[in-house]
Every structure is written in C-alpha cells, then in structure tokens.
Amino acid sequence: VTAIAAPVVRRRRADAGTVLLGIWGVLGFVFLFFPVLVIVAYSFNEGRLLQSYRGFGLGAYADALSNSAITSGVQVSIYVGVFSALVAAVLGSLAGVAIARRRGARWIGWLTALLALVMVTPEIVNAVSLLPWFVTLGTEWGFTPLNAGIVRLIIAHSLFSCAVVTFIVRARMAGLSESLEEAAADLGAPPIRRFFDITFPLMRPAVISGALLSFTLSLDNTVLSSFVSTADATPFPVYVFASVRSSLRPAIAAMSTLMLLLTLVALALVAIVLITSRRRTGEGMSLASTLAGG
Amino acid sequence: VTALALPATRVRGRRFRWNVGVLAAPVTVWLLFFFVAPFAVILWYSFGEKPSLYVTHDNSVLSFDRYVEAFNPAFFTVFGRTLQISLVGTLICLIIAFPMAYWMAVRLPMRFQGIAVALVLVPYWTNFLVRTIGWQIVLSPTSFVADISRSLGLGTPQLLYTTGAVQLGVVYNYLPLMILPLYVTLERLDHRLLEASRDLGANAFDTFRRVTLPIVMPGIAAGLLLVFVPLMGDYITPSVLGGAAGSMVGQQVASQFNVAQNWALGSAMAIVLMLAIIAVVVVFALLYRLLRALIDRYEHIPVLEGGA
C-alpha cells in the first residue's frame, strides 16, 4: 500500500509546497512594498502633520515644490549624486580594469581588502571619522575647498561607490578575454587609443550601471551627509532627518514620491543598458548579480 | 620584418601590463587619504581625552581610559541591545528571505524572475530614511493601525518607540540584502540535481538538507554578512523608530560627536563598535568553516563532483 500511495502523496505535497512558497513570496512582496505605498498614499494627505490623515488632495505637492528648503535640498542631492557618481565611475573603472587585468599581482589582495573594508565599515564610523578629518584639513591645514559642504559631500559619497564600481567593472572585465587588447597592441595602437577604442567600449555597460547605482546610493545617503554637510549645502535626506526630530509634514512624503520616481527612472536605465548590452554581445552579467554587487 | 618586429611587440606588451597596474593608483590614493587616514585619526583621538567643556579632544596624555569609560553600564546596556537586535534581525531576515528566494529562483517560471527581482529592488532603492518614516506613520498612535485597534476596543497600542519597532524596522530595511544573494545562488542551482536526488529516493527534506543546503551555503553566508554588518552600525532606524527605549550603539557614537562634543570618547565607542563587528564576523567565519567541514565529512555526495 505504501509503495503505491507514496508517489501520489509526494506529488500532492510538492504542489502544496509550491502554493505555500508562493503565498510566502507574495506576502514578502507585500511586506516590502507596504511602507513605500504608505508614503505614496500619505503624500496626498491634506493635513498639517504627515502622521494624521485629513483627506485627499495635491496640496502637499504644491507645498513641496514651493518650499525652498526642500527644493534646494533636492538640488544639492542631485548635484552631489551626479558628481560623486562621476568620481566613483572614473576611479572605480580604472581600478576595476587594473584588478581584472593584473590577476595574481601581490598588491591586488591588499587593494581588494581595502575596498572590502570600505564596504563593511559601518557608515556611522565612517561619518564620525570624516568630520574631524575635514575640519583638520580645511581649517588647520588650509585646504580651503574642503570647507565647502558640497565638496565634502561629493568626497564622502564617492568612497563607498568607488568600491561598488570597482567590483562591478572587475566582474565585467574578468569575463572578457584580453585577446582584443593584445591584438590592438600587436597592430601598433598606443595605450591611450587601445583604452578608448577597445577596453572602454567593452566595459561601458558596467561603468554606466555602476555610475547609476552610485547616483542612487548618493541620493539615499543620510548618515554620512548629516555629519559632513554644512548649513549652506543640506541634501534632501538631511532635511528630512532633521524634520523627524521636529515635525514631519506631508510635503516630505510628496517630494519623496517624486524622488522615488526619479530612482525608478535610473533603475530602468540600468536595466535597459544591461539588457541591450547582453543582447548585443551575447554575454555579460544578469541584472540581479550586477545589482547585488557582481 | 616580422622577426625584427617581434621583440618590439614584447616590450610593448610589457609596458601595457605596467600601465594597467598604475590605473589602480588613483583609487588607492583616494581611499588612503579619505578613508584610512580619517580612521587613523579617530584611532589616535580614542587614546586622548576631553580636557574641558569647550575642547573636543586632546592627546597630550595617552591612555586607554576612554575605552574604560566607554564601557559604562549605560553603554553596555545599549551595546547588548544592539547585538541582540542585530543577531535576531539577521536571523529573521534569513527565515523570511530563504523561502522567498527559493520560490523566486526555483519555482517561479523564468519569464517572471526578472520582474520578481525588480520588485525586490524597487523598495530597496527607495530612500532608506523615507521607508523607515513609512513605518513610523504606520506605528504612530494616529495611524490607521491604531484606529483599527481602537475600533476593536483594544485601546491605543504603544507600538512606536519600542525595541520591537526597531526590530521590525531593521528586518524590513535589510531584507532585500538577504534576498538578493540567496536568489543569485539559488538561480545557479542545477534543477537536475534536485530531480536526481528525488529519483534516487530522497524525500523533500533529505534533498533540501543534502543537496540544496550545501550548494547555497555561500549565498547564505553572503546574505548574513550583508545584513549583519550594516545592521549593527545602524543609526537611522533606531533614531526614527526607537526613541529612548530602542536606542543603538550608532546613536551613542553619533551623540558624542553631535551633542556631547566629546570626540575622544566618541572615537573610542566607534572603535569598539568596529571591533565588535569584526569579532562577530570572525566568529561567524569560523563557525561557517566548521559547518562546511562537518557537511563535507558527513553529507558528502560524490555525484556533486561531476556537477560542480
């Protein structure tokens, strides 16, 4: 009896398992989206305080776009995001190529360890160490550009992003053979020309997705920003964080919803870049493994 | 002509390799100057003291006193709570994420997997602080949750500013960091191995324990690391959801720099936090090795050799 019954029971159990896993998965997605949807819903709150809902309206959006603290915060955020992404893209791609093409060199272990350390250091430790450093360099040693909040923010945001871009570019370059570059060298192309004609086009998808990830990481950054920013350059998350302690207004939810749309556009661009590059070259990383850090 | 050109190419090739190595120099200098040097500075500060009300630090007398001071009972309580929230939070993330990632990678049809990954990423790339504020709205006494509780006659629940609120917040905030590495590992899992295991008579549990689990161990390890490390140093989530009852070490460090202006003590606390994280990660790595060795010893399946 057991021998006959076993397969039937097993198949039915597997189906039930799939259903249960499906329910678990859908509940997981509901959990992940819940507070995001709450924020979007409360951005249409007509009340004075974010937490207490007083009817539907678009007043918060008008408030957000006319509040100069919010709009200038967003401007600072976007400006810092763009420039820190540029710094990270340039430094990170160079390092990524170097690590991928010099496999086995002794310094690679040290550099990788340094980059890994940058990624695992808690942001708060990084933040409290950068603050005295900027003050020392800017006021005591006379590096006056470091007294500008914008410069401090760009530098601080670029550190983690440098590591991210390096690992993404390394993953991309490790999967590509060196023969094209060697062929170009044999044909007499000078190093600079080789880089721009061969190496850069090959790594471009990784650089672009790395830069866009750096941009979104910078937009997201609150801890580093709240330590190194100055009164004249306050990014949007720092403004929000200050409001958490006083009072949160629906305008913050409205601007956050707009910023979410901006992030979604950036993400969609990453997806498009990766998908088209994979179609064109027939290789490359899956979106998930790229975004998860290679 | 070819014979003459050959040595030249070789020289050029060597110069090319040298050039490539140099490309790593800018990032190294950048990180040494803006990551290693500042860290060295607070390490130095942590051996100093705060001499007077208006001075943040002084290193004329060097001692370990700040570390002794850092381990006062109040800090110890917060430190214990931080460790508890981090360990429990990491474990809950694993419990929620593993079935989700398994479902996404193994049971979901290929064409839906990209959408599922995007659905994990959208909340993750929403501003961390804003998502946390979303939970603050939900947990606050004026929210719809509190309204429902009142209409059921249960009174207004105290949800916000508790350790439970922080625990919920951190699990929520770091969950995607657990799902993604698990998904990436499970996606590469060869389904034929699972079928083979079933055909050879293993039941679902045995297949999971002896085939799936050993293969996804690296993904689990990556996920645990990716969640635990930032969680332990979290500063935003407890600030928004925790209040005084749910404060964590990150806030203690921050308040020494922001409020108390005691850079010496704050530095010592930051170093302690850093060392604690490294210690937990090292213990974890040792446990992982031990577990792997045990699995290799007792659960070894020679079939895998050919597959991997």
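Attention now goes to the overall build of chain A. A tally of helices and strands in chain A yields twelve helices and zero strands. Classification of the 294 residues of chain A by burial places 53% in the buried group. In chain A, the share of contacts with a sequence separation of at least 24, taken over all contacts with a separation of at least 6, comes to 71%. Put simply, chain A shows about 13,200 Å² of open surface, and 68% of that area lies on carbon and sulfur atoms.

Often the size quoted for an interface is simply the accessible area lost on bringing the parts together. Counting from both sides, the interface comprises 84 residues of chain B and, opposite them, 88 residues of chain A. Interface area, chain B with chain A, both sides summed: about 7,800 Å², of which 80% is carbon and sulfur. It is Phe34, Phe35 and Trp125 of chain B in chain B that bury the most area against chain A; as a group they hold 10% of the surface buried on that side. At the junction of chain B and chain A, the tally comes to zero salt bridges. On the surface where chain B and chain A come into contact, there are nine residue pairs in polar contact (both at pLDDT 80 or more). Here the side of chain B that touches chain A gets 15 residues from one element, more than from any other, and that element is helix α2 (residues 25-45) of chain B.

All right, on to the confidence of the model for chain A then. Taken residue by residue, chain A gives an average pLDDT of 83. The fraction at 70 or more is 89%. Contacts from residues 1-13 of chain A, a stretch scored under 50 in pLDDT, to residues over four places away or in other chains number one contact.

Below, the discussion takes up unusual backbone geometry. Residues and elements named next belong to chain B. Positive phi values are uncommon outside glycine, yet Tyr161 reaches one of about 60°. Checked against the element boundaries, Tyr161 lands in the loop between α7 (144-151) and α8 (163-188). We note that Gln261 has phi near 55°; this positive angle belongs to a residue other than glycine.

Evaluation of the coordinates by the stated rule reveals 29 aromatic pairs over all chains. Each ring, one from Trp133 of chain A and one from Trp141 of chain A, has its centre 6.1 Å from the other, and the planes form 70°; the classification is edge-to-face. Residue classification places Trp141 of chain A among the exposed positions, given a relative accessible area of 54%. Grouped by ring-pair contacts, the aromatic residues Trp133, Phe134 and Trp141 of chain A together with Trp30, Phe33 and Phe34 of chain B constitute a single cluster.

Turning to helix α5 (residues 123-140) of chain A, a few remarks are in order. All names here are of chain A. Helix length check: α5 (18 residues) gives 25 Å between terminal C-alpha atoms against 26 Å at 1.5 Å per residue, within 8%. Counting buried residues along α5, 14 of its 18 residues qualify, which places the element largely inside the surrounding structure. A positive phi of about 80° marks Gly142, the residue just after α5.

All right, on to the pattern of salt bridges then. If you walk through the whole model with that rule in mind, you get four salt bridges over all chains. Arg193 of chain A is the partner of Asp197 of chain A in a salt bridge, and the nearest nitrogen-oxygen pair spans 2.9 Å. A residue pair is termed a helical-turn pair when its members lie 3 or 4 positions apart in one helix, as Asp197 of chain A and Arg193 of chain A do in helix α8 (residues 191-220) at four residues. Judged by relative accessible area, which is 43%, Asp197 of chain A ranks as partly exposed. Of the charged contacts in the structure, one is a salt bridge between Glu69 of chain B and Arg66 of chain B, with a shortest N-O distance of 2.7 Å. Of this pair, Glu69 of chain B and Arg66 of chain B are both found in helix α3 (residues 65-70), three residues apart, which corresponds to roughly one turn of the helix. For Glu69 of chain B, a relative accessible area of 32% puts it in the partly exposed group. According to the relative accessible area criterion, Arg66 of chain B is buried, its value standing at 12%.

Right, let's get into helix α12 (residues 249-258) of chain B. Summarising burial for α12 of chain B: seven of the ten residues are buried, a large majority. Taken as a whole, α12 of chain B has its buried residues at Val249, Gly250, Gln251, Val253, Ala254, Gln256 and Phe257 of chain B. Buried residues along α12 of chain B sit against α5 and α9 (223-228) of chain A together with α4 (73-107), α11 (236-242) and α13 (263-298) of chain B.

What follows is about a nonpolar patch on the surface. Residues and elements named next belong to chain A. Taken together, the side chains of Ile78, Tyr79, Val82, Phe83, Leu86 and Leu262 present a nonpolar region at the surface, about 470 Å² in accessible area. By residue number, the principal contributor to the nonpolar patch is helix α3 (residues 68-101), which donates five residues. With respect to the element layout, Leu262 can be found in helix α11 (residues 250-281).

Conventions adopted
Residues numbered from 1 in each chain as written. Chains lettered and ligands numbered in written order. Predicted model: local features only at pLDDT ≥ 70, side-chain atom pairs only at ≥ 80, totals over all residues. Heavy atoms only, no water. Helix = DSSP H or I, 4+ residues; strand = E, 2+ residues; numbered from the N terminus. Buried < 20%, exposed > 50% of the residue type's maximum accessible area, 1.4 Å probe, protein only. Contact = heavy atoms within 4.5 Å. Areas by Shrake-Rupley, 256 points an atom, 1.4 Å probe, with all protein chains shown as cover. Buried area = accessible area lost by both parts, 1.4 Å probe. Salt bridge = Lys/Arg side-chain N within 4 Å of Asp/Glu carboxyl O. Polar contact = N/O pair within 3.5 Å; in protein donor to acceptor, adjacent residues only side chain to side chain. pLDDT = per-residue confidence, 0-100. Phe/Tyr/Trp six-rings, centres within 6.5 Å; stacked < 30°, edge-to-face > 60°. Expected span 1.5 Å × (residues − 1). Patch = residues over 30% accessible without salt bridge, like charges linked within 9 Å, V, L, I, M, F, W, Y side chains within 5 Å.

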